[in-house]
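Architecture at a glance
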Amino acid sequence: MWGGRFAEGPAAVMREINASIPFDKRLWQQDVAGSQAHVAMLGAQGIVSSEDAATIGAGLAQVAADYAAHGVTEDLTLEDIHMQTEARLAEKIGPVAGRLHTARSRNDQVATDFKLWVRDAIDQVTAALIAFQDALLVRAEEHADSVMPGFTHLQSAQPVTLGHHLMAYHEMIARDRGRFADARARLNRCPLGSAALAGTGFPIDRDATAATLGFDGPTRNSLDGVSDRDFAIEYLTAAAQCALHLSRLAEEFILWASQPFGFVSLSDQWSTGSSIMPQKRNPDAAELVRGHSGRIIGCLTALMITMKGLPLAYSKDMQDDKPPVFEAHDLLGLSLAAMTGMVASATFRTERMRGAAEAGFATATDLADWLVREGGIPFREAHHITGRAVKRAEELGVSLDKLPLDDLIAIDARIDQRVYGVLTVDASVASRTSFGGTAPANVRAAIRAAREGDGR
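Given the structure is predicted, the values throughout are model-derived calculations rather than measurements.

Considerations on the overall build of the protein chain
Counting its secondary structure elements, the protein chain contains 18 helices and six strands. The C-alpha atoms of the protein chain give 30 Å as radius of gyration, which overshoots the globular expectation for 456 residues (23 Å, by more than 25%). With the C-alpha coordinates aligned to their principal axes, the bounding extent of the protein chain is approximately 100 × 55 × 40 Å. Just so you have it, the protein chain exposes about 21,100 Å², and 54% of that area is on carbon and sulfur atoms. In the protein chain, 45 side chains carry a positive charge and 57 a negative one; their mean positions are 2 Å apart.

Thoughts on empty space enclosed by the protein
All told, the structure shown has one cavity of 30 Å³ or more when counted by the stated rule. Roughly 30 Å³ of internal volume is contained in the largest cavity. Residue assignment for the lining of the largest cavity shows that the elements contributing at least two residues are helix H3 (28-44) and helix H8 (206-212). Its residues placed into classes, the lining of the largest cavity shows four nonpolar, three polar and two charged.

Some thoughts on the nonpolar core
Among the nonpolar cores identified, the biggest contains 91 residues, and Phe180, Tyr235 and Trp256 are the most heavily contacted of them. Sorting elements by how many residues they give to this core places helix H10 (residues 230-257) first, with 16 residues. Grouped together as the second largest cluster of nonpolar side chains are 21 residues, Ile377, Ala382, Val390 and Ile411 included.

Comments concerning the layout of surface pockets
The calculated volume of the largest pocket comes to roughly 570 Å³. Residue lining of the largest pocket: 24 residues in total, with His164, Phe435, Gly436, Gly437 and Thr438 positioned closest to the centre. Elements represented by at least two residues in the lining of the largest pocket include exactly strand E1 (147-152), strand E2 (155-161), helix H7 (162-187) and helix H18 (440-452). With six residues, the top contributor of residues to the lining of the largest pocket is H7. Residue composition of the lining of the largest pocket, by class: 12 nonpolar, 10 polar and two charged.

Here we look at helix H11 (residues 284-307)
End to end, H11 covers 35 Å across 24 residues, agreeing with the expected 34 Å (1.5 Å per residue, within 8%). Along H11, the residues that are buried comprise Ala285, Ala286, Val289, His292, Ser293, Ile296, Cys299, Leu300, Leu303 and Met307.

Here's the deal with a nonpolar patch on the surface
On the surface, Leu197, Leu223 and Leu312 cluster together to form a nonpolar patch covering roughly 270 Å² of accessible area. Checked against the element boundaries, leucine 223 lands in helix H9 (residues 222-227).

Some remarks on the pairing of E1
Where a strand is regular, its side chains alternate between the two sheet faces. Here E1 runs beside E2; their pairing, made up of six bridges, is antiparallel. From the neighbouring strand, glycine 150 faces E2, where its bridge partner is glutamine 158. Hairpin geometry of E1 and E2 is characterised by an intervening segment of two residues between the two adjacent antiparallel strands and by a positive phi of about 60 degrees at histidine 153.

Details of the packing of aromatic side chains
A full pass over the atoms with the stated rule returns 10 aromatic pairs. Here the aromatic rings of phenylalanine 180 and tyrosine 235 are separated by 5.7 Å at their centres, their planes lie at 55 degrees, and the arrangement is tilted. Within this pair, whereas phenylalanine 180 is found in helix H7, its partner tyrosine 235 is found in helix H10, the two being separated by 55 residues in sequence. No difference in accessibility class separates phenylalanine 180 from tyrosine 235, as the two residues are buried. Among the aromatic residues, those joined into a ring-pair cluster are Phe151, Phe253, Trp256, Phe261, Phe263 and Phe348. One cation-aromatic arrangement involves arginine 119 over phenylalanine 215; the distance from NZ or CZ to the ring centre is 4.8 Å.

Notes on the pattern of salt bridges
Oppositely charged side chains are able to pair whenever their charged atoms sit close together. What the rule picks out here adds up to 28 salt bridges. The shortest N-O distance in the salt bridge between arginine 88 and glutamate 91 comes to 3.1 Å. Taken together, the residues arginine 88 and glutamate 91, both in helix H5 (residues 81-93) and three residues apart, mark about one turn of the helix. Relative accessible area serves as the criterion here: at 59%, glutamate 91 is assigned to the exposed category. Shared partners join several salt bridges into a network, and the residues in it are Glu79, Asp80 and Arg106.

A word on the environment of asparagine 18
For asparagine 18, the position within the fold is in helix H1 (residues 12-18). In this structure the C-alpha to C-alpha distance between asparagine 18 and threonine 237, which are 219 residues apart in sequence, comes to 27 Å. Residue contacts for asparagine 18: discarding those within four places in its chain leaves Glu79, Lys316 and Gln319. Only 3.2 Å separates the side chain of asparagine 18 from the side chain of lysine 316, close enough to count as a polar contact.

Some remarks on the side chain of serine 335
Looking at the element boundaries, serine 335 is found in helix H12 (residues 322-345). Judged by its relative accessible area of 3%, serine 335 is buried.

Things to note about the packing of H10 against H12
Remark: H10 packs on H12, axes separated minimally by 10 Å, with the N-to-C direction vectors making an angle of 30 degrees. The orientation of H10 relative to H12 falls into the category roughly parallel. The chirality of how H10 crosses H12 is left-handed. Across the interface between the two elements, Ala232, Tyr235, Leu236, Ala239, Cys242, Ala243, Leu246, Leu249, Ala250 and Phe253 of H10 pack against Pro324, Val325, Ala328, His329, Leu332, Ser335, Leu336, Met339, Met342 and Val343 of H12. Here the contact of H10 with H12 is built from residues that sort into 18 nonpolar, two polar and no charged.

Some details on the state of the cysteines
Following the criterion strictly, the structure yields zero disulfides and no others. Left unpaired, cysteine 299 is separated from the closest cysteine sulfur, that of cysteine 242, by 14 Å. For cysteine 299, a relative accessible area of 4% puts it in the buried group.

Parameters and conventions
- Residues numbered from 1 in each chain as written.
- Predicted model: local features only at pLDDT ≥ 70, side-chain atom pairs only at ≥ 80, totals over all residues.
- Heavy atoms only, no water.
- Helix = DSSP H or I, 4+ residues; strand = E, 2+ residues; numbered from the N terminus.
- Rg over C-alpha atoms; globule rule 2.2 N^0.38 Å.
- Areas by Shrake-Rupley, 256 points an atom, 1.4 Å probe, with all protein chains shown as cover.
- Lys, Arg positive; Asp, Glu negative; His and termini not counted.
- Charge placed at Lys NZ, Arg CZ, Asp CG, Glu CD.
- 1 Å grid on protein atoms, 1.4 Å probe; cavity = no way out; pocket = protein on both sides within 12 Å on 5 of 7 lines; lining within 4 Å.
- Points joined across faces, edges and corners; volume = space filled by probe spheres on them.
- Nonpolar A, V, L, I, M, F, W, Y, C, P; charged D, E, K, R; others polar.
- Core = buried A, V, L, I, M, F, W, Y, C linked by side-chain atoms within 4.5 Å.
- Buried < 20%, exposed > 50% of the residue type's maximum accessible area, 1.4 Å probe, protein only.
- Expected span 1.5 Å × (residues − 1).
- Patch = residues over 30% accessible without salt bridge, like charges linked within 9 Å, V, L, I, M, F, W, Y side chains within 5 Å.
- Salt bridge = Lys/Arg side-chain N within 4 Å of Asp/Glu carboxyl O.
- Pairing = 2+ DSSP bridges.
- Phe/Tyr/Trp six-rings, centres within 6.5 Å; stacked < 30°, edge-to-face > 60°.
- Lys NZ or Arg CZ within 6 Å of the ring centre and 35° of its normal.
- Contact = heavy atoms within 4.5 Å.
- Polar contact = N/O pair within 3.5 Å; in protein donor to acceptor, adjacent residues only side chain to side chain.
- Axes fitted to C-alpha atoms, helices over the stretch in contact; angles between N-to-C directions.
- Parallel < 35°, antiparallel > 145°, perpendicular 65-115°, else oblique.
- Left-handed = near helix turned anticlockwise from the far one by under 90°.
- Disulfide = S-S within 2.5 Å.

The analysis is restricted to geometry; functional conclusions fall outside its scope.
This is how it looks when you write it as structure tokens:
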């Protein structure tokens, strides 16, 4: 490729460091699609003859068939998927293949290919997110009434339902879907036709190539068109945020599967054993999801640091944009599949959850609220009274709903028999009917709304 300018070939190390074919071969479908759109436009505009355009188009179809059947050969002398495809095309149709690169550069070519790949990746992730949400909805509906302790600071706080807890993750994933959708909408401008950096003097039709490739239109500035990698960073940002959410649920499953909690039993499909301790049942899949989040966040950091100091337009550093995106995409896909499987197959030990909720004085706030409603007591005073009641229950080793009325009256004479109507965990969750609250009726309404609306 460099014969007209360089008298000698590159050093072996230079050839290796310069080549991106080991990883950018993943772009072969996008590269062929972009080339097909480009040559069709060249033919329509009379920049190449219609005969040559047809020959190149047919040759590209043959190259794509070869790639699909046999994969892409990693020939370092051809550097990247773009030169690999052009070389294979020349083997199929001869010198006319050289006309394909008229009015374009590898700079706008790779930007277009990469955008197409990221767009496809977003569509794949979105489908996986919908499947994960569906699994959450099924289990949330199953456990809309199942009482468990809600935690703050990992201390028992107030009773909630397991269905409500799972729907919290449904909300997180809905926001993740929104972030991916926003990133997709912003990336959907086609760089093809920006050429190396300044555009081209050939009478190309950028609107035609953009439409053929499913873009909303061409990019508006050729310098930005070839040097923009915001779309990759936005993809990684959304992926990192999604991985963070998956990691939080994975951490909860890890805690819940431990003997001190005993809230969940993960199926054999998502657990492993120990090489030395036969009794062990390890939540390795959840731990790996938790670990993958760190790697995905690292991919985002790597690309941001690569891009932070680059002047316009293209620099070879940008060749390193693809490995972190490919790695993050693969890891996120694995994590989503694993978490979907774990949620769908987990056995939730609801009696253990209920027992933990009943044992943790989780209805203390309900007692304070009752004192405010029924006794007209300022909340701060009610808070103090409730604290004394919790202390007394601790001394007797009973839950608040089992604390004798005489003991409650001794703490504050305004308490009467009616208070027991709010001190059970079932009464507590049923009372939380404010919008977004944990009442079983609310949970079922949220599930219906999710299934009927676009937020699934």
